[in-house]
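# Observations on the model geometry
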Number of protein chains: 2
Amino acid sequence: MEDTLEGLFFPESIALYGIPRGIKPGKVFLLGLLDQGFGGPIHLIHPSAREIDGYRTYQSLDQVPGPVDLVIVMSPRDTVFDALDQCARRHVKAVILYTSGFSELGDETGREAEARMRRIARDGGFRILGPNCMGVLSPDSRIAPFPGMPKTSGKLGFISQSGSLVNLFVNECSNKGLAFSHVVSIGNGVDVDMADLLEWMGRDDKTLIICSYCEGTRDSARLVRALRGTTAHKPVIMWKVGLTAAGSRAAASHTGAMTGKVDLWNSLFRQFHVLDVYDIEEMTDLAMAFYNLEPGGAARVVIISGPGGPAVSAADAVERSGLSMAVPGEESIRRLRALLPPTGTSLDNPIDVGLGASFDVGLYQGALEIILDDPGVDTVVILGGGASTEMSADFVQGIIRAKAGTDKNVIAIAYPGFVQIDQKELLRPLYEHGIPVYPTPERAVRAYARMVRYHRYRSARG
Amino acid sequence: MEDTLEGLFFPESIALYGIPRGIKPGKVFLLGLLDQGFGGPIHLIHPSAREIDGYRTYQSLDQVPGPVDLVIVMSPRDTVFDALDQCARRHVKAVILYTSGFSELGDETGREAEARMRRIARDGGFRILGPNCMGVLSPDSRIAPFPGMPKTSGKLGFISQSGSLVNLFVNECSNKGLAFSHVVSIGNGVDVDMADLLEWMGRDDKTLIICSYCEGTRDSARLVRALRGTTAHKPVIMWKVGLTAAGSRAAASHTGAMTGKVDLWNSLFRQFHVLDVYDIEEMTDLAMAFYNLEPGGAARVVIISGPGGPAVSAADAVERSGLSMAVPGEESIRRLRALLPPTGTSLDNPIDVGLGASFDVGLYQGALEIILDDPGVDTVVILGGGASTEMSADFVQGIIRAKAGTDKNVIAIAYPGFVQIDQKELLRPLYEHGIPVYPTPERAVRAYARMVRYHRYRSARG
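Quantities reported herein were computed from a predicted structural model and do not represent experimental measurements.

## Side note on the overall build of chain A
Secondary structure summary: chain A contains 16 helices and 19 strands in total. Compactness check: chain A gives a C-alpha radius of gyration of 25 Å against a globular reference of 23 Å for 462 residues, within 12% of the reference. Overall, the C-alpha framework of chain A stretches about 80 × 50 × 40 Å when taken along its three principal axes. Residue burial in chain A is summarised as follows: out of 462 residues, 62% are buried. Within chain A, residue pairs in contact and separated by at least 24 positions form 75% of the contacts whose partners lie at least 6 positions apart. Surface accessibility of chain A: about 17,000 Å² in total, with carbon and sulfur atoms responsible for 50%. A gap of 4 Å separates the mean positions of the 47 positive and 53 negative side-chain charges of chain A.

## Observations regarding the side chain of Ser358 of chain B
Here Ser358 of chain B shows up in the loop between β16 (351-352) and α13 (362-372). For Ser358 of chain B, a relative accessible area of 11% gives the class buried.

## Considerations on the interface of chain B and chain A
With 53 residues of chain B at the contact, the number on the chain A side is 53 residues. A buried area of about 4,300 Å², summed over both sides, lies between chain B and chain A, and 59% of it is on carbon and sulfur atoms. Looking only at chain B, the three residues that lose the most surface to chain A are Leu168, Tyr278 and Val312 of chain B, adding up to 14% of its buried area. Counting across the chain B and chain A interface gives 2 salt bridges. Summed over the shared surface of chain B and chain A, the number is 24 residue pairs in polar contact (both at pLDDT 80 or more).

## Comments concerning the nonpolar core
Judged by nonpolar contacts, the single largest core of 288 residues is most densely connected at Leu8, Leu16 and Ile304 of chain A together with Leu8, Leu16 and Ile304 of chain B. Residues contacting Leu8 of chain B, with those up to four places away along its chain left out, are Leu70, Ala94, Val95, Ile96, Leu129, Val136, Ile143 and Val192 of chain B.

## What to know about the environment of Thr244 of chain A
For Thr244 of chain A, the position within the fold is in the loop between β12 (236-240) and α8 (245-255). Judged by relative accessible area, Thr244 of chain A falls into the buried class, the value being 11%. For the pair formed by Thr244 of chain A and Lys261 of chain A, sequence separation is 17 residues and the distance between their alpha carbons is 8.3 Å. Among all residues touching Thr244 of chain A, those that are not within four sequence positions of it are Ala315, Asp316, Glu319 and Arg320 of chain B. A polar side-chain atom of Thr244 of chain A sits 2.8 Å from a polar atom in the side chain of Asp316 of chain B.

## A short note on the relation of the copies chain B and chain A
Both copies of the chain are placed relative to one another by a rotation about an axis and a shift along it. You can overlay chain B on chain A at an RMSD of 0.0 Å; the transform is a turn of 180° with a shift of 0.0 Å along its axis. Those values place the two copies in the arrangement expected of a two-fold rotation axis. Within chain B, Gln423 of chain B has its C-alpha nearest the rotation axis, a separation of 4.3 Å.

## What to know about helix α5 (residues 163-175) of chain A
All names here are of chain A. With 13 residues, α5 should cover 18 Å at 1.5 Å per step; its first-to-last C-alpha distance of 19 Å lies within 8% of that length. Within the sequence span of α5, burial applies to Gly163, Ser164, Leu165, Val166, Leu168, Phe169, Val170, Glu172 and Cys173. One or two positions beyond α5, positive phi appears at Gly177, with a value near 80°.

## Quick notes on the sheet that holds strand β7 (residues 127-129) of chain B
Residue and element names in this part refer to chain B. Strands sit in the order β3-β4-β2-β1-β5-β6-β7 across an open sheet of 7 strands; the sheet is mixed. Here the strands that pair on one side only, and so sit at the sheet edges, are β3 (51-52) and β7. Here strand β1 (residues 14-17) runs beside strand β5 (residues 70-73); their pairing, made up of 4 bridges, is parallel. What sits directly across from Ala15, in β5, is Val71.

## Topic: the packing of aromatic side chains
Aromatic ring pairs are described here by two measures, namely the spacing of the ring centres and the angle between the planes. Under the counting rule described, the total for this entry stands at 20 aromatic pairs over all chains. Measuring from ring centre to ring centre gives 6.0 Å for Phe169 of chain A and Phe180 of chain A, while their planes differ by 70°; the resulting arrangement is edge-to-face. Here Phe169 of chain A, found in helix α5, pairs with Phe180 of chain A, found in strand β10 (residues 180-185); they are 11 residues apart in sequence, far enough to count as distant. Like Phe180 of chain A, Phe169 of chain A is buried. An aromatic cluster is defined as three or more aromatic residues linked by ring pairs; in this entry it consists of Phe9, Phe10 and Trp200 of chain A. Over the ring of Tyr291 of chain A we find Lys155 of chain A; its NZ or CZ atom is 4.7 Å from the centre of that ring. Above the face of the Trp265 of chain B ring, Lys240 of chain B is positioned so that its terminal group lies 4.6 Å from the ring centre.

## Side note on the environment of Tyr213 of chain B
If you trace the backbone, Tyr213 of chain B turns up in strand β11 (residues 209-214). With near-sequence residues (within four places) excluded, Tyr213 of chain B lies in contact with Gly309 and Val312 of chain A together with Phe158, Ile159, Ser160, Gln161, Ser162, Leu165, Met194, Trp239 and Val241 of chain B. Separated by 2.8 Å, the side chains of Tyr213 of chain B and Glu215 of chain B make a polar contact.

## What to know about the sheet that holds strand β11 (residues 209-214) of chain A
Across a sheet, strands are paired by hydrogen bonds formed along the backbone, either parallel or antiparallel in direction. All names here are of chain A. Ordered by their spatial adjacency, 6 strands build an open sheet running β8-β10-β9-β11-β12-β13, and the pairing between neighbours is mixed. In this open sheet, the two strands that pair with only one neighbour each are β8 (135-137) and β13 (275-276). The strands touched by α5 within the sheet are β8, β9 (153-160), β10, β11 and β12, with β10 carrying the most contacts at an inclination of about 160°.

## Observations regarding helix α10 (residues 280-292) of chain A
Residues and elements named next belong to chain A. Over its 13 residues, α10 runs 18 Å from end to end, which matches the ideal 18 Å to within 8%, given 1.5 Å per residue. The element α10 is largely enclosed, with a buried count of 12 among its 13 residues. At the N-terminal end of α10, a side-chain oxygen is found 3.2 Å from the backbone nitrogen of Glu281, two or three residues along, and the residue is Asp279.

## Considerations on the pattern of salt bridges
Throughout the structure, instances matching the rule amount to 42 salt bridges over all chains. A salt bridge links Lys27 of chain A to Asp53 of chain A; its shortest N-O distance comes to 3.2 Å. Within this pair, whereas Lys27 of chain A is found in helix α2 (residues 27-36), its partner Asp53 of chain A is found in the loop between β3 (51-52) and β4 (55-58), the two being separated by 26 residues in sequence. Here Asp196 of chain A ties to Arg222 of chain A by a salt bridge, and the two come within 3.3 Å at their closest N and O atoms. Taken together, the positions of Asp196 of chain A in helix α6 (residues 194-203) and Arg222 of chain A in helix α7 (residues 220-231) put the pair 26 residues apart, joining distant regions of the chain. Among the residues examined, Asp196 of chain A registers a relative accessible area of 10% and is labelled buried. In the salt-bridge network here, residues are joined through shared partners; they are Glu281, Asp285 and Arg443 of chain A together with Glu281, Asp285 and Arg443 of chain B.

## What about the domain arrangement of chain A?
Residue and element names in this part refer to chain A. For chain A, the assigned domains read domain 1 (2-129), domain 2 (135-291) and domain 3 (294-459). Averaged C-alpha coordinates put domain 2 and domain 3 at centres separated by 31 Å. On the domain 3 side, the residues contacting the 20 residues of domain 2 number 15 residues. With both sides pooled, the region where domain 2 packs onto domain 3 buries about 1,600 Å², and carbon together with sulfur makes up 53% of that total. Applying the counting rule to domain 2 against domain 3 returns 4 salt bridges. The partner of Asp276 in a salt bridge is Arg450, and the shortest N-O contact between them spans 3.4 Å. Remark: the boundary between domain 2 and domain 3 carries 11 residue pairs in polar contact (both at pLDDT 80 or more). Elements represented by at least two residues in the side of domain 2 that touches domain 3 include exactly β13 and α10. Across the side of domain 2 that touches domain 3, the residue classes break down as 9 nonpolar, 5 polar and 6 charged.

## Structural notes on unusual backbone geometry
Trans is the common state for peptide bonds, and a negative phi is the common state for residues other than glycine. The peptide bond linking Asn349 of chain A to Pro350 of chain A adopts the cis configuration, its omega dihedral lying at 5°. Secondary-structure assignment places Pro350 of chain A in the loop between α12 (330-339) and β16 (351-352). Phi at His273 of chain A is positive, roughly 55°, even though this residue is not glycine. Structurally, the position occupied by His273 of chain A is in the loop between α9 (262-272) and β13. The partly exposed category is assigned to His273 of chain A, whose relative accessible area is 22%. Its identity as a non-glycine residue notwithstanding, Ala299 of chain B has a phi of 55°, on the positive side. With respect to the helices and strands, the residue Ala299 of chain B is situated in the loop between α10 (280-292) and β14 (300-305).

The rules behind these values
- The residue count restarts for each chain, going from 1 along the sequence in the order it is written.
- Chains and ligands are labelled sequentially in the order written, the chains with letters from A and the ligands with numbers from 1.
- With the structure being a predicted model, the display of local features is reserved for residues of pLDDT at least 70 and the display and counting of side-chain atom pairs for 80 or more, all residues being used for whole-chain, interface and lining totals.
- Values reported for side chains reflect all heavy atoms of the structure, with hydrogen atoms and water molecules removed beforehand.
- Secondary structure follows DSSP: runs of H or I at least 4 residues long count as helices, runs of E at least 2 residues long count as strands, and numbering of each begins at the N terminus.
- Two things to know: the radius of gyration comes from C-alpha atoms, and the globule rule equals 2.2 Å times the number of residues to the power 0.38.
- Think of it in three bands: residues with accessible area under 20% of the maximum for their type are buried, residues over 50% are exposed, and the middle band is partly exposed, with areas taken using a 1.4 Å probe on protein chains only.
- Here a residue-residue contact requires only that any non-hydrogen atoms of the pair lie within 4.5 Å.
- With residues, only the protein chains shown are counted as cover, and all accessible areas are computed by Shrake-Rupley using a 1.4 Å probe.
- Counted as positive: Lys and Arg. Counted as negative: Asp and Glu. His and the chain ends are not counted at all.
- Each charge is placed at NZ for Lys, CZ for Arg, CG for Asp and CD for Glu.
- Buried area is calculated as the accessible area (1.4 Å probe) missing from two parts once they are joined, with the contributions of both summed.
- Just to be clear on terms, a salt bridge is a Lys or Arg side-chain nitrogen sitting within 4 Å of an Asp or Glu carboxyl oxygen.
- Here a polar contact means two N or O atoms within 3.5 Å. Within protein one must be a hydrogen donor candidate and the other an acceptor candidate, and residues neighboring in sequence count only if both atoms are side-chain atoms.
- As used in this record, nonpolar core signifies buried Ala, Val, Leu, Ile, Met, Phe, Trp, Tyr and Cys residues forming a set joined through side-chain atoms within 4.5 Å.
- A least-squares superposition brings the copies together, and it is based on the C-alpha atoms of residues with pLDDT no lower than 70 in both.
- Each residue after the first adds 1.5 Å to the expected span of a helix.
- Should DSSP find at least two bridges between two strands, the strands are regarded as paired.
- Here a pair means two rings of Phe, Tyr or Trp (six-membered ring of Trp) with centres within 6.5 Å. Their orientation is stacked below 30 degrees between planes, edge-to-face above 60, and tilted elsewhere.
- Whether a charge lies above a ring is judged from NZ of Lys or CZ of Arg, which has to be within 6 Å of the ring centre and within 35 degrees of the ring normal.
- Orientation is described by lines fitted to C-alpha atoms, with helices fitted over the stretch in contact, and by angles between N-to-C directions that extend from 0 to 180 degrees.
- Where each domain begins and ends follows an automated or database-derived domain assignment.
- Classification convention: Asp, Glu, Lys, Arg as charged; Ala, Val, Leu, Ile, Met, Phe, Trp, Tyr, Cys, Pro as nonpolar; all other residues, Gly among them, as polar.

So, in structure tokens, the structure goes:
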């Protein structure tokens, strides 16, 4: 049964049912496929047009020559069942149902229509994603729900009950150097739901980390089974919303989801070590840690900092998070003493390279190289920058050079208020070299510690 | 006794003791005063030079003509006591002691030297700030510890046991439209300490909000008294570090501070409603809320959002934080129905203006105006942006226009992944109009709710 999802992710031919003539929202699906360079046939279905944007159109799926694997339906609500009947006749593998106006309206009609969709899909032997969803991004299959989506694939999967978060989270992760294997917008989830997708991504070789935005589920027993089967071998980062009365009402009118009780969800997360997060920042923080950092070793951390105050708070964060502050060896101390000025610096961990390092960013690179050589260190958090944009760019290059010779973790901090260090352009080289960047050491350490704990849990399960 | 701090904040004449000839760290104090345009005489003291950078220098304070209110001492450690003896002879009001190498080195010599400084200050009738500190920023007195500091004053005070955080936090707040009354770097705090400064800023008419970075105190009883006297009429936001063994060791080698036990500090914070924060982001979040938002009304919040997912999570955040989701009136619903497209939107709170609003950002402004007219609403959190940088700039201007006609709170969200909405240049107009901007609704609501709770506590005290 599970292999039936392949039609969503690996279609060889696609039909767009109800493609609009002008620039209307539905047009994005065509633009998305063209932008990705989808390699198979794309068939356009329109009730009356003969041709749209220079492409031949058909009035129904019945007229389309050759097989159709996937149909993206964007036609008005009252035409959806006709479209689904055509899909059944053509033996399609999967349908992405963008059309909205069903259970999210909160009336009985919508729920009845969704039950009918489920029956048609089951009887027709195909799967339905949606309704009220944006569909799928799979860069290796060259399919995307919007134009401008990344064309390179990676190891992150994302399952979302919000279509707009597909766009926002993919953008944000791309800015931070993370790439996706598959991204799915579930919508109302009448057939393919969170549990199906967790199980499928759990088995998918390309997906090594799963992020999800979850409003709720219609079948919590299946979701529990899916989590049990997935979290033991792949991390599942879950942003669960709708856990208050206000949030639950909002979710109901958004995707018609049944959101459930906060205690039940929390015990579920604890039991299966689901990595629950509070907002998009925390989800991105954790995704970056899993994507870039090695969980091995004793997670012994060294902080290297120019400013002294943030170094003290970083040491607090390390200890609070259950990680340990590394003790640099005698050789490291000897080399640091030779490198750093005698006053306004500290050779203990946190290593304070002094304020002068803002004018001589080579001190940062030098200290980082010394500490990366130390066998008692697993991970370095480096916080600093230059006194000018140019010097901050040199600081960034220094980190990249030092990291090049080692498998140890290096985490960079783009501290608020440091000269231009939060500019995207300045940080891009770090992301491109797989060095995650966080705004504060507190956020970096929190994400790294959760990643380490998850891997210890998984090792303990054997 | 307390008025003796005036010499630090309102000096009419300043001497720089031990000003270096070349570009060395100590030179920043001269550059800072010149950059601010300090109006009184600045006297340079150097052991041998006759002239530095075109300014006449003196070999000792004794030779300086006219009164000297404040002396900034940056000469080497072994000259400090000679400098302090000269200060006593000249009846100065205050000394800022930049020179480091005392108790932060962890030896008995440093502690003895600091005890001797305290005696000299007491006997000489002047106050000492430091050693190992950066001094004071007071824009209205035109004094600053570095060049490039803000020249406009505001209602935020900052007391810091880290000199580098003075620079970083002031920069970050300036980026977000917040201005400072006075900023003080305490250093090792041999004489003027956190308690003195809390009391002084508590009485200062210009300072309405106090932020602090605190490593520890030598006299906790005095700090308790200072907090009791201050938090009842001014909010004190405190970033307390050194609460773990690692953090405590780091603080000891940073400013020689005694950091104390976490339980004691936490009970102190609860008892006096100190607003404790975890990192610089949380401190800035809270400072923005106190600086820009009105605590009045019933704190009834409306969320206006383009993307649906973040709107659901924002509703969760409002309810979790103890605020209430406003119920828009019938008139508002009627006007919203006339404004917004019939599908893909929601008129309930959270108000979902639909994805089309990215292409028609006037929908954001229209919805915001309608909701700001609603007598049942105190605060609006608006999350959105345009489909291009230009449209996002229009979105920003729309918020400013809608806010212009009202005293209600408007909080803007620059959501991660939204087109260019996190660009500093794009957001600057919002900050300039006193509209705080947060990256997520979760962070916005958390800060706003803490601000509201603090004001309720203060009202309850009467």
